[in-house]
Amino acid sequence: MLNNIVKHCAACALLAACDGELVAPAKTPTMTLKEKAAAAAVSINQGASAAPPKDENGRYICDAPSYPAQSALRRMSKRQYVASIQAIFDGQITPSAVFPDSFGRPLTGYSTEEQINRLGESGAENVMLAAEDVAEQAAQKAGQLTSCAPGRACAATLIEKYGQRALRGYLDDEARAALLRAYDGMLADGGSYTDGVAAMFALLLQMPRFLYQAEARADDGRPLNGIELANRLAFLLWDSGPDEELLAHAQDLGDPTMLAQQAQRMLSSPRATPALTRFFREWTDTLELEAGGKDAAVFPQFDAALAASMNEGFQRFVTDLVAKGASLHALLTSTTAFVDPKTAPLYGVPPTGGWQAVTLDGARYSGVFTQPAWLATQAHLADASYVFRGRTIRKRLLCDVLGSPPGDAQAQFAAAVKPPDPTGKDLSHVVQSNPTCASCHSRIDPIGLAFEGFDGLGAARSQYKGGKSIDPSGTVEARGGDLTFRDQVDLLHQLADREDVRKCFATQLFRFAMSRSEQPQDACAIQAIDDTLVASEGRLDAALLAVTKTGAFTTRRDE
Amino acid sequence: MNRIDRRRFLVGSSGALLALPMLESLLGRRAAAATLTPPKRLLIVFHPHGRLVGNLGSDRWSFGNATGPLPSAATMQDPKYALAPLAAIRDEIVTLDGIDNFVRHTTGEGDGHDPGSRTALTCERSLATARDAAAALRPRASVDYVAGLGLVPQGSTMQTSIVVPASQGANATAAVGHEAGGGVGYFRPHFFGKNGTQPSYLSTDPGLVIDKLFGTTAVSPSPTPTLRERLAKRRASTLDEVSGSMRALRAQLNNADRGRLDEHAAFIQTLAQRNQAPEAPPPSSCIPPTKSSIGAWDHNDTTQGKNDEVIATAQIENIVQAFACDTVRVASLYFWLFETPTFPSMFGGNSPFAGNSSGQPFGPWHAAIHNQAADVPSLNTASHYYAAMFTKLIQRLAAVKDIDGSRLLDNTLVVWASDLGYGAVHTDYNVPVVMAGMNADPSAFPQGRGRHVAPSTFAKRRSLGDLWAHALRIVGASTSNTFGETGTVGTVAGAGTNLNAWASYQQQLGSGTPLHQGALDL
């Protein structure tokens, strides 16, 4: 099916390759990089906030340039902070545990949304304390951070290196002077060189250019400048700031070729692991499991080590797929898993000596939604949850919007007459006998019930505890007609071939990249990502890189 | 640095003990200490899931159905009452029926849990109607923070309000909510700081709360300050530089982003103020708790509420002494619903809520809550736990002297409330409310204490907005007759918003129901 779509959409694939959002003047081989960037800049017209028109095939017509919805000033999330500190100090410094986390539930599911990262009263305080935590360490390791002889000149050297990294290309004379004042002030108070370095870092890591992804106002629209684009790229692909190479090329990033080169380099870097893992975690709503998250009486084997291994197995699975240019189809159908001695029993494979890629039983396992980390997240303390699993696939893989249950849903369920030792299907049948409940559960439950062959920890099971057999087959309403499947593998293979799943994935990538919900004027950007998925036969890496080519990513509009 | 109590709040925040000089610790005090006029304070006690047992007519929560004196203490002690332990403080309390979360109904959401949690302490409607969208849109600050804005004197560096967890478990102060139900990470926020930001949650470890609230006042000053202490001394100037760099960035931003940065800048300014001039010494009533006074608890096993009585007792003492030391004026004691609580202090080793949760989504406690017929007496006994902790809190507030020799309780309004009305069905009407304190002000409870207040007719039920507005007026934090949304349910909900939640609500109230009707009849 995917191949058919590819053939059918050959034209859109071409469009995707050149983005179709920004209309640049004809590019000639003689143009310099800066000329190309400037040419792109002048071509942008007044921004529109409405969706672009569609052609007779229902595709958005994207030959007229458009601007994205506003992009808000965003405080870095705690994960981004951790990745940033590790990158700034080359892994020599431990990020502070008190840096404020996000607060609340993100609208899109992605933890970098602006709203959930606003600082409160205690958050501002904790930023200060976190800065001091790191500053203390940095001062104690000042000799390792630079080789110059202690003194004011050496402090200035530290500012050049670490200030540029922390402020991500925005180290200007004003910032330099402020940082040196912090150093001088500490010495004036009788402090040592080390103290002065600490004071300097304590300030540096509270500066707004460190804490915030900030872009200059764009009024009715403009392309991002080089530093802004470098920052967007770095936070998208690394969850942290640009490195020296990216900053060195920042002024040339307006050129699509340079942008693509840098994006490709960054995606191939080990620094991409945190961002990639976060995307797949947050998209699939897979928690980082922790000890205590399961009923110890039912899962005595679930301890901190197993939780960590399940987390790492998930990370290895998704990053490996991206690294080898695998497709969305493979993400949903792969039988490869990364297993260590702790997780081997979950998969029912022989224990290994360390981490090892294994090929699993294709009749049971099928990609990311049969990863134990996902199955265990989408479960109760002691049991599997067909409702959680079905709901998450509905919302995250199919981008469905579901309502909330009635207030007395739990009480109604408790009071309902159930057969003895009920199976999942028995319980679903009881729930769906109420038409109000059925309106959602008829769409949720069959999908979730397909995964009943996995228990609350994600281990395979062939029957319920009471001995009743599991029937993972089902039929469920879907766009374009019912979807009938034999089991979870059949379901996931069918989903992997669906156009609505692919389009949803493009939308999810957009939400992740932009840290916000899509707006009507973002339609061309999402279409371009989807077109790339089609043209590349669903390659995950290509889709990620396609985001960076969209106008939503490379331009800014404020009005 | 103008308040050592505040500074200690700061230096202890990382969990690291920093020994600041004792002399300094005695400098940062309020003007209240000098004038011997006790400050007014507000303490919110919050437990999850509303009335755990019984609803309306079959209510075990209330001691009676009509306004009037509470029954005798001997009668109240009957364990059939969910609040039986309150018998010991009968003459200090007022229990209320008929307080409803009207604003929750304006969200159009079916299940009362999420909208109840967002609106119970804020009375603010979220703007979206979809469940997830609504969950992500934060309301404005909750009532505790609003009270802090009114009770913390202008120019003071005191924390506006603090939220002190009374329960252990990963959910107690988790910051980010996930969709997956059960287990780690499932969290509904109830308290909100300025503009809906994260409130000042303190640690679930009472020892760390001592560090944070009281620093190391018992420790002699270090002759050679550590690097961290030297950094702490330069905070004011560091924060000044931060403000400067914010101003520079601000000039480049659009208006919306300036607003976001300004919000942060305001907090920076407060932080800088906290790190400047000293104030007066602490009140003589200030006796910071010590870690050795905390009962024994297992730091490695915080599951199923095993340590909760120890934790709650210690946190109660932390709050009481924070009031006595005038470290804070608004605090909340936050009981949170951990995964599978067993209430060991009530059941010993024979909790009906212990053990294997297989076959019971979310565990046996949750199953019991939603299947009331199963074991009402046990649920009632679990309710006694919260009532017992509330009683302990009131007794401690009554035992500790304020700066003028009166009881702390006499100058403190205590309001105990919850996120739901009747937890079993997630309704948001008849939210359980108990009030106490402010005896120094005869107008606070003009009809006296030891009373139950209930609406005479169904239509006379009152809103949480009325309750909170009234509470804010009692402590002098506000003069407004309203709190949160104003108007009627219908005007706040707007056209087209689903009011189906009302269908199960006696059919007597609806979109025309006013969100405020003035002062409560206390």
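Undergrad: Could you give an account of the overall build of chain B, with specific residues and numbers?
TA: Check the secondary structure of chain B and you find 17 helices and 10 strands. For chain B, the proportion of contacts with a sequence separation of at least 24, taken over those separated by at least 6, is 74%.

Undergrad: Summarise the overall build of chain A; cite the residues concerned and give the values.
TA: For chain A, the helix and strand inventory stands at 27 helices and 8 strands. Taking 2.2 N^0.38 as the reference for a compact globule, 559 residues should give roughly 24 Å; the C-alpha atoms of chain A span a radius of gyration of 26 Å, in line with that estimate. The principal-axis extent of the C-alpha atoms belonging to chain A is close to 80 × 60 × 45 Å. Classification of the 559 residues of chain A by burial places 62% in the buried group. Long-range contacts, defined as pairs at least 24 residues apart, comprise 69% of the intrachain contacts of chain A with a sequence gap of at least 6. Looking at charge distribution, chain A has the averaged site of its 54 positive side-chain charges lying 2 Å from that of its 66 negative ones.

Undergrad: Account for the sheet that holds strand E2 (residues 68-69) of chain B, with residues named and values stated.
TA: All names here are of chain B. Reading across the sheet, the 8 strands line up as E2-E9-E3-E8-E7-E1-E6-E5 and stay open at both edges, with mixed pairing between neighbours. Edge positions in the sheet fall to E2 and strand E5 (162-165), since each has one partner strand and no second. Direction of pairing for strand E7 (residues 412-418) relative to strand E8 (residues 433-437): antiparallel, over a ladder of 4 bridges. If you follow Trp416 over to E8, its bridge partner there is Val434.

Undergrad: So what about helix H22 (residues 435-449) of chain A? Which residues, and what values?
TA: Residue and element names in this part refer to chain A. Within H22, the axis deviates most sharply at His441, by approximately 55 degrees. Burial within H22 is extensive, with 11 of its 15 residues counted as buried. Along H22, the residues classified as buried are Cys437, Ala438, Cys440, His441, Arg443, Ile444, Asp445, Pro446, Ile447, Gly448 and Leu449. Next to the buried residues of H22 lie helix H19 (386-397), helix H21 (424-432), strand E6 (474-476), strand E7 (483-485) and helix H23 (488-496). For H22, the N-terminal capping position is held by Asn434, with its side-chain oxygen 2.8 Å away from the main-chain nitrogen of Thr436.

Undergrad: Please give an account of the packing of aromatic side chains that cites residues and values.
TA: On inspection of all chains with the given rule, the structure shows 37 aromatic pairs over all chains. A ring pair is formed by B:Tyr201 and B:Tyr334, whose centres lie 6.2 Å apart and whose planes are at 5 degrees; its orientation type is stacked. Of this pair, B:Tyr201 sits in the loop between E5 and helix H8 (206-214) while B:Tyr334 sits in strand E6 (residues 330-334), and the two are 133 residues apart along the sequence. Both residues of the pair, B:Tyr201 and B:Tyr334, belong to the buried class. Taken together, the ring pairs connect A:Tyr110, A:Phe279, A:Phe280, A:Trp283, A:Phe369, A:Trp374, A:Phe451, A:Phe505 and A:Phe512 into an aromatic cluster. Cation over ring: A:Arg209 sits above A:Tyr170, and NZ or CZ is 3.6 Å from the ring centre.

Undergrad: Lay out empty space enclosed by the protein in plain terms, naming residues and giving numbers.
TA: Residues and elements named next belong to chain A. Counted according to the given criterion, the structure contains 12 cavities of 30 Å³ or more. Within this model, the largest cavity holds a volume of roughly 290 Å³. Those elements giving two or more residues to the lining of the largest cavity turn out to be strand E2 (212-213), helix H11 (226-238) and helix H24 (499-514). The leading source of residues in the lining of the largest cavity is H11, at 5 residues.

Undergrad: Any details on the side chain of B:Thr342? Residues and values, ideally.
TA: Within the fold, B:Thr342 resides in the loop between E6 and helix H13 (344-347). Leaving out residues up to four positions away in the same chain, B:Thr342 has contacts with B:Gln304, B:Phe347, B:Ser351, B:Phe353 and B:Ala354.

Undergrad: I'd like to hear about the interface of chain B and chain A, residue by residue, with values.
TA: Opposite the 87 residues of chain B that make contact, chain A presents 82 residues. Both sides together, the interface formed by chain B and chain A hides about 7,500 Å², and carbon and sulfur atoms give 56% of it. Counting across the chain B and chain A interface gives 10 salt bridges. Residue A:Glu132 is joined to B:Arg228 by a salt bridge in which the shortest nitrogen-to-oxygen separation is 2.9 Å.

Undergrad: Now, about the packing of H8(B) against helix H12 (residues 308-324) of chain B: what can you tell me, with residues and values included?
TA: All names here are of chain B. It is at 9 Å that the axes of H8 and H12 come closest, and there the two elements cross at 10 degrees. It follows from the interaxial angle that H8 and H12 lie roughly parallel. Residues Pro206, Val209, Ile210, Leu213 and Phe214 of H8 touch H12, and the partners they reach there are Ile311, Ala314, Gln315, Asn318, Gln321 and Ala322. Across the contact of H8 with H12, the residue classes break down as 8 nonpolar, 3 polar and no charged.

Undergrad: Tell me about the side chain of A:Glu228, residues and numbers included.
TA: For A:Glu228, the location among the structural elements is in helix H11. In contact with A:Glu228, not counting residues within four places along its chain, are A:Tyr170, A:Glu215, A:Ala216 and A:Arg222.

Undergrad: Kindly report on the packing of helix H8 (residues 173-188) of chain A against helix H9 (residues 193-204) of chain A, identifying the contributing residues and their values.
TA: Residue and element names in this part refer to chain A. Where H8 meets H9, the closest approach of the two axes is 8 Å, and the angle between their N-to-C directions is 140 degrees. The orientation of H8 relative to H9 falls into the category oblique. Handedness of the crossing formed by H8 with H9: right-handed. In contact with Ala178, Leu179, Ala182, Tyr183, Met186 and Leu187 of H8, H9 contributes Tyr193, Asp195, Gly196, Val197, Ala199, Met200, Leu203 and Leu204.

Undergrad: Pulling in residues and values, what's your account of the state of the cysteines?
TA: All names here are of chain A. Tallied over the entire structure, the rule returns 4 disulfides over all chains. With its sulfur 2.0 Å from that of its partner, Cys399 forms a disulfide with Cys504. The S-S bond linking Cys399 to Cys504 shows a torsion near 85 degrees; that makes this disulfide right-handed. Of this pair, Cys399 sits in the loop between H19 and helix H20 (409-415) while Cys504 sits in helix H24, and the two are 105 residues apart along the sequence. The exposure class of Cys399 is partly exposed, given its relative accessible area of 21%. Using a relative accessible area of 3% as the deciding quantity, one classes Cys504 as buried. If you count the bonded cysteines of chain A from the N-terminus, they pair up as 1-6, 2-3, 4-5. With no disulfide of its own, Cys437 lies 9.1 Å from the sulfur of Cys440, the closest cysteine sulfur.

Cut-offs applied
Residues numbered from 1 in each chain as written. Chains lettered and ligands numbered in written order. Predicted model: local features only at pLDDT ≥ 70, side-chain atom pairs only at ≥ 80, totals over all residues. Heavy atoms only, no water. Helix = DSSP H or I, 4+ residues; strand = E, 2+ residues; numbered from the N terminus. Contact = heavy atoms within 4.5 Å. Rg over C-alpha atoms; globule rule 2.2 N^0.38 Å. Buried < 20%, exposed > 50% of the residue type's maximum accessible area, 1.4 Å probe, protein only. Lys, Arg positive; Asp, Glu negative; His and termini not counted. Charge placed at Lys NZ, Arg CZ, Asp CG, Glu CD. Pairing = 2+ DSSP bridges. Bend = angle between axes of the 7 residues up to and from the residue. Polar contact = N/O pair within 3.5 Å; in protein donor to acceptor, adjacent residues only side chain to side chain. Phe/Tyr/Trp six-rings, centres within 6.5 Å; stacked < 30°, edge-to-face > 60°. Lys NZ or Arg CZ within 6 Å of the ring centre and 35° of its normal. 1 Å grid on protein atoms, 1.4 Å probe; cavity = no way out; pocket = protein on both sides within 12 Å on 5 of 7 lines; lining within 4 Å. Points joined across faces, edges and corners; volume = space filled by probe spheres on them. Buried area = accessible area lost by both parts, 1.4 Å probe. Salt bridge = Lys/Arg side-chain N within 4 Å of Asp/Glu carboxyl O. Axes fitted to C-alpha atoms, helices over the stretch in contact; angles between N-to-C directions. Parallel < 35°, antiparallel > 145°, perpendicular 65-115°, else oblique. Nonpolar A, V, L, I, M, F, W, Y, C, P; charged D, E, K, R; others polar. Left-handed = near helix turned anticlockwise from the far one by under 90°. Disulfide = S-S within 2.5 Å.

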